[in-house]
Amino acid sequence: MKMNVFLPLLLAAAMHLAMGCDKPIKHYEALGCSPSCRRISKGCPASFTCPHLDNPAADKCYFLGKAYSPGDEVPFELLLDEETNGLCYDAASCLITYDTPNITIAMGSTGCNSIGQIPVFPLPVCVSQYKTDSCCPVKKVCDSDIADLATCTLAGQDYKEGEKMPVPGNPCKKCICTPGFDETQIDGNPNCFERKCLHEVSDGQPAYYGAIPVYRTNECCPVTWRMPKPTDRVVKGRPYCSADATMICKYGNLTLDAGDSLEPFSENGKMYDCKCAVPPLMHCIET
């Protein structure tokens, strides 16, 4: 069977939604879905519109909801500026493979590693310098020059100027240490940014085959995707909106109203709680 993949090579950048939502919706960003104007608890969109998921073309690749033909390259400005699976990429193209039942992503190689450089011993002590729009460090400051860098403090942890700082309580947000950084002013800070979760680069395109994202608590992006199983059973919940056709999730042969869930189940020694919280896709939490 012929399948299409994106082949990312080095660095990437993509648009993001700042919803302030308490439910995992990063997969919708990656799929290029459109949020509804209605909001539910804590600023979450009531649902998303993802028309390209309904009838995806078998001879196309998809990136941020747009279809690409084999051989097409993804525009550079749409690629990630944040790392995916520890790597950075600066190119992606739609290719055909013959060895997988699903569309997957052929990863690039070393990302930010300095290929071909001869190591100097003893190795210098260095601090990598980042910018909000760069996945790879733009430079390094080493040895005695480190003393000239400003120091930032975030949640009791000290960082040097140019370093990336994770924001406690928000696994999707990071800040860059800059002179005068104020940890009480995270929102609206131009040196803070949201992480991107483009699974079309790292995980392939499972949503187009009926899979739903699986998240872990305190992690930003889906850790895997789950296909429907015959043993799945629906537990009815309190519906958010009655008689609303946009407030349903379809999962295999099941149709769930917003607020419904699957019976909790165990797989590979872990428990999963899967809900129809923000249609049209369900999501699972792995514990």
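Residues numbered from 1 in each chain as written. Predicted model: local features only at pLDDT ≥ 70, side-chain atom pairs only at ≥ 80, totals over all residues. Heavy atoms only, no water.

### Brief notes about the overall build of the protein chain
Helix and strand counts for the protein chain stand at two helices and 22 strands. Out of the 287 residues in the protein chain, the part that is buried amounts to 42%. Of the roughly 15,000 Å² of accessible surface on the protein chain, a fraction of 52% belongs to carbon and sulfur atoms. (Helix = DSSP H or I, 4+ residues; strand = E, 2+ residues; numbered from the N terminus. Buried < 20%, exposed > 50% of the residue type's maximum accessible area, 1.4 Å probe, protein only. Areas by Shrake-Rupley, 256 points an atom, 1.4 Å probe, with all protein chains shown as cover.)

### Focus: the packing of aromatic side chains
How two aromatic rings sit relative to each other is given by the distance of their centres and the angle of their planes. Tallied over the entire structure, the rule returns three aromatic pairs. With a centroid separation of 4.2 Å and 15 degrees between ring planes, the pair formed by Y28 and F48 is classed as stacked. Of the two residues, Y28 is situated in helix α1 (residues 26-31) and F48 in strand β3 (residues 48-49); the sequence distance between them amounts to 20 residues. Both rings, one in Y62 and one in Y208, keep their centres 4.6 Å apart while their planes meet at 20 degrees; by these two values the pair is stacked. Within this pair, whereas Y62 is found in strand β4 (residues 61-63), its partner Y208 is found in the loop between α2 (199-202) and β14 (212-216), the two being separated by 146 residues in sequence. (Phe/Tyr/Trp six-rings, centres within 6.5 Å; stacked < 30°, edge-to-face > 60°.)

### A few points about the sheet that holds strand β11 (residues 164-166)
Spatially, the three strands line up as an open sheet ordered β11-β12-β13, and their pairing is antiparallel. Unpaired on one side and paired on the other, β11 and β13 (192-194) mark the two borders of the sheet. Neighbour-to-neighbour, the strand axes of this sheet turn through a mean angle of 30 degrees, independent of strand direction. (Pairing = 2+ DSSP bridges. Axes fitted to C-alpha atoms, helices over the stretch in contact; angles between N-to-C directions.)

### Thoughts on the pattern of salt bridges
For the structure on display, the rule yields 13 salt bridges. Notably, a salt bridge pairs R216 with E286, separated by 2.5 Å at the nearest N-O pair. Taken together, the residues span a long stretch of sequence, with R216 in strand β14 and E286 in strand β22 (residues 283-286) at a distance of 70 residues. Classification of R216 by relative accessible area gives partly exposed; the value is 30%. (Salt bridge = Lys/Arg side-chain N within 4 Å of Asp/Glu carboxyl O.)

### As for the confidence of the model for the protein chain
Per-residue confidence for the protein chain averages 79 on the pLDDT scale, and 75% of its residues sit at or above 70. In this model, residues 101-110 is a region of pLDDT below 50 whose contacts with residues beyond four sequence positions or in other chains number 45 contacts. Scored below 50 in pLDDT, residues 114-118 shows one contact in the model against residues more than four places distant or in partner chains. (pLDDT = per-residue confidence, 0-100. Contact = heavy atoms within 4.5 Å.)

### Section: the pairing of strand β21 (residues 270-275)
Pairing geometry for strand β20 (residues 265-267) and β21, over three bridges, is antiparallel. If you follow E267 over to β21, its bridge partner there is K270. In textbook terms, the turn of a hairpin is the stretch between consecutive antiparallel strands, and for β20 and β21 this stretch comprises two residues, one of which, N268, has a positive phi near 55 degrees. As defined by bridge partners, β21 adjoins β22 across four bridges and the pair is classed as antiparallel. Among the inter-strand pairings, D273 is bridged to a residue of β22, identified as I285.

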